[in-house]
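# Survey of secondary and tertiary structure
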Amino acid sequence: MINALESLNVTCKIPLPILASWRGVYKEGIEAQVPLGVHLPSILEGAGLAYTIIDEAEKLPQLENVILDAFENSRPYVALISPKVWEASDCCAWQDAGMPEKPEVMERTCRFSLTGEVLKPIMLRMMRSAP
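The present account deals with the structure reproduced in this document. (Residues numbered from 1 in each chain as written. Predicted model: local features only at pLDDT ≥ 70, side-chain atom pairs only at ≥ 80, totals over all residues. Heavy atoms only, no water.)

### Focus: the overall build of the chain
For clarity, the threshold we go by: Note on conventions: DSSP H or I runs of at least 4 residues are helices, E runs of at least 2 residues are strands, and numbering of each starts at the N terminus. Throughout, exposure labels follow a simple rule: accessible area from a 1.4 Å probe, protein chains only, divided by the maximum for the residue type, with under 20% read as buried, over 50% as exposed, and the rest as partly exposed. By the convention used here, residues are in contact when the closest approach between their heavy atoms is within 4.5 Å. Computed with a 1.4 Å probe, the accessible areas rest on the Shrake-Rupley method; for each residue, only the protein chains presented here act as cover.
When its secondary structure is counted, the chain shows four helices and three strands. When the helices and strands of the chain are listed from N to C terminus, the series reads α-β-α-β-α-β-α. Taking all 131 residues of the chain together, the buried fraction comes to 19%. Contacts in the chain between residues at least 24 apart in sequence constitute 65% of all its contacts with a sequence separation of at least 6. For the chain, the accessible surface area stands at approximately 10900 Å², while carbon and sulfur atoms represent 57% of it.

Put into structure tokens, the structure is as follows:
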């Protein structure tokens, strides 16, 4: 992603506010997320990309600055949003949509059949034997 941001957005001065869930830093359940998450601020800094860390709900108003800066300065600007921000949330999006309870997760089944045939190689060049 950093290569795309640098070669397109930075070079062409295309504004792009990025609101990113900052995995790997707060109560992370997937160990594979930790190495990148821990180093992400340093990586963004090293790439010269502006970023703001939002690690508590009280800092959410900073998102407005992230968005404004991206457009005012014609550049990418990343908001790293810690999962801690949503920890105390009692948001029930399904209730806001008029549904009485959380929708049931539906199981999906995918079936496919794979058949193959091993083809005999075709020689495209004739090789001459040495005299």
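### Focus: helix H3 (residues 62–72)
Using the following cut-off: The directions from the helix axis to the C-beta atoms are what the arc is built from.
Those residues of H3 lying buried are Leu63, Val66, Asp69 and Ala70. The buried residues of H3 occupy an angular sector of 125° when projected down its axis, which confines them to one face. Across from the buried face of H3, at angles greater than 90 degrees, the exposed residues are Glu64, Asn65 and Glu72. In this structure, the buried side of H3 is in contact with strand S1 (16–21), strand S2 (50–54) and strand S3 (76–81). Two residues or fewer after H3 comes Ser74, characterised by a positive phi angle close to 50°.

### Some thoughts on the sheet that holds S3
To be explicit about the condition: A pair of strands is considered paired only if DSSP assigns at least 2 bridges between the two. Where helices are involved, their axes are fitted lines through C-alpha atoms of the stretch in contact, as for all axes, and angles between N-to-C directions lie from 0 to 180°.
Spatially, three strands are ordered S1-S3-S2 in an open sheet, and the strand pairing comes out parallel. The open sheet is flanked by S1 and S2, the only strands paired with a single partner. Looking at each pair of strands side by side, their axes are set apart by 20° on average, direction ignored. Of the strand pairs in this sheet, S1 and S3 are connected by six bridges, and their pairing is parallel. Paired with Ile18 across the two strands is Val78, which belongs to S3. With respect to the sheet, H3 is in contact with S1, S2 and S3, its orientation differing from that of S3 by roughly 165°.

### Examining the layout of surface pockets
Gaps left between atoms show up when a probe the size of a water molecule is rolled over them. Applicable threshold: Computed over the protein atoms alone on a 1 Å grid, cavities are sets of points where a 1.4 Å probe fits but cannot get out and pockets are open sets with protein on both sides within 12 Å along at least five of seven lines; a residue lines them when it has an atom within 4 Å of a point. Grid points are joined across faces, edges and corners, and a volume is the space filled by probe spheres set on the points. For this classification, the nonpolar set comprises Ala, Val, Leu, Ile, Met, Phe, Trp, Tyr, Cys and Pro, the charged set comprises Asp, Glu, Lys and Arg, and every other residue, Gly included, is treated as polar.
If you add up the space inside the largest pocket, you get close to 200 Å³. Considering the residues around the largest pocket, the lining is formed by 14 residues, among which Ala20, Ser21, Leu36, Leu40 and Leu80 are closest to the centre. Those elements that provide at least two residues to the lining of the largest pocket are S1, helix H2 (34–46) and S3. A per-element tally of the lining of the largest pocket places H2 first, with four residues. When its residues are assigned to classes, the lining of the largest pocket shows ten nonpolar, three polar and one charged.

### Quick look at the nonpolar core
We apply this condition: Residues grouped as a nonpolar core are buried Ala, Val, Leu, Ile, Met, Phe, Trp, Tyr and Cys residues, joined through side-chain atoms within 4.5 Å.
Ala50, Ile54, Leu63, Val66, Ala70, Tyr77, Ala79, Ile81 and Val85 form the largest nonpolar core, which has nine residues in total. Those residues within four positions of Tyr77 in sequence are excluded, and the remaining contacts are Leu16, Pro17, Ile18, Ala50, Tyr51, Thr52, Val66, Asp69 and Ala70. Among the nonpolar cores identified, the runner-up in size contains eight residues, and Ile18, Leu49, Val78 and Leu80 belong to it.

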